[in-house]
Amino acid sequence: EAGVVQSPRYKIIEKKQPVAFWCNPISGHNTLYWYLQNLGQGPELLIRYENEEAVDDSQLPKDRFSAERLKGVDSTLKIQPAELGDSAVYLCASSAAEGGKRFFGPGTRLTVL
Amino acid sequence: LAKTTQPISMDSYEGQEVNITCSHNNIATNDYITWYQQFPSQGPRFIIQGYKTKVTNEVASLFIPADRKSSTLSLPRVSLSDTAVYYCLVGDPFSGGYNKLIFGAGTRLAVHP
């Protein structure tokens, strides 16, 4: 069974540029999460989707971050414009149900110069 | 959400048993204890989950004393490939708050030859 797929794996951009990350969850998983992980820290939840609905986006910096999950499958996380402090790993995870075991993708490592 | 405390780092040698203890003094009645493992450049991976006493799977064992204020992840006969960060999380999988689980910094386990 394929795991959670993320692309790109690495991205280097200059500050003030836009950037987007893509996630394809495990087939059949209704719950999708986006996390941010800074170096040496654990993942921090940015947003959670139940199907196509964002049910928890309280931790998402909405002035520059946005996300969508069209048709309740793939999801895209966007940053516009990127700032130096956005350099981190962005992880996508999915679970079969709310509260279920989470399966994480390999993450996208973003470097903002 | 119950706060957890675990050692920042541990060192071990191949073939030894490793025990990582997590303190969660404020654990609630409905909370479960879940451990994730994260290798470099990968997303976290679910290892084990338990509510009380002992749980064992093909990867690890989880020991939970009667008062449930702490838990111990036990890795038998570690190898170099067990070098990773281990996260202890506490929450009720059946409540909305579970999705806000905080990973914390985890315990960095280094296994030496």
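In what follows, the structure referred to is the one given above.
Bear in mind the structure is a predicted one, so any value in this text is a computation, not a measurement. (Residues numbered from 1 in each chain as written. Chains lettered and ligands numbered in written order. Predicted model: local features only at pLDDT ≥ 70, side-chain atom pairs only at ≥ 80, totals over all residues. Heavy atoms only, no water.)

**Student:** Before we go on, may I ask you to explain the sheet that holds strand S3 (residues 19-24) of chain A in this structure?
**Tutor:** Residues and elements named next belong to chain A. Taken together, the four strands give an open sheet; going across it, the order is S1-S3-S8-S7, and neighbouring strands pair in antiparallel fashion. Unpaired on one side and paired on the other, strand S1 (5-7) and strand S7 (65-68) mark the two borders of the sheet. The sheet shows a mean angle of 15 degrees between the axes of neighbouring strands, direction not considered. (Pairing = 2+ DSSP bridges. Helix = DSSP H or I, 4+ residues; strand = E, 2+ residues; numbered from the N terminus. Axes fitted to C-alpha atoms, helices over the stretch in contact; angles between N-to-C directions.)

**Student:** Honestly, the interface of chain A and chain B in this entry has me stumped. Any pointers?
**Tutor:** Note: interface size is frequently given as the accessible area lost on complex formation between the parts. Counting residues at the interface gives 20 residues for chain A, matched by 19 residues for chain B. Taken together, chain A and chain B are joined by zero salt bridges. Connecting chain A to chain B are six residue pairs in polar contact (both at pLDDT 80 or more). Those elements that place two or more of their residues in the side of chain A that touches chain B are strand S4 (31-37) and strand S5 (44-50) of chain A. In terms of residue count, the dominant contributor to the side of chain A that touches chain B is S4(A) (three residues). (Contact = heavy atoms within 4.5 Å. Salt bridge = Lys/Arg side-chain N within 4 Å of Asp/Glu carboxyl O. Polar contact = N/O pair within 3.5 Å; in protein donor to acceptor, adjacent residues only side chain to side chain.)

**Student:** It is not clear to me how the layout of surface pockets should be interpreted in this structure. Could you clarify?
**Tutor:** Approximately 450 Å³ is the volume found for the largest pocket. For the largest pocket, the lining is made up of 26 residues, of which Gln37(A), Leu39(A), Val89(A), Arg109(A) and Ser41(B) are closest to its centre. Sorting the residues of the lining of the largest pocket by element identifies strand S9 (88-95) and strand S11 (108-112) of chain A together with strand S8 (84-91) of chain B as the ones contributing at least two each. Ranked by residues supplied to the lining of the largest pocket, first place goes to S11(A) with four residues. The class makeup of the residues in the lining of the largest pocket is twelve nonpolar, eleven polar and three charged. Here the second largest pocket is characterised by a volume of approximately 380 Å³. Along the walls of the second largest pocket sit 21 residues, with Phe103(A), Phe104(A), Pro44(B), Arg45(B) and Phe46(B) positioned nearest its centre. (1 Å grid on protein atoms, 1.4 Å probe; cavity = no way out; pocket = protein on both sides within 12 Å on 5 of 7 lines; lining within 4 Å. Points joined across faces, edges and corners; volume = space filled by probe spheres on them. Nonpolar A, V, L, I, M, F, W, Y, C, P; charged D, E, K, R; others polar.)

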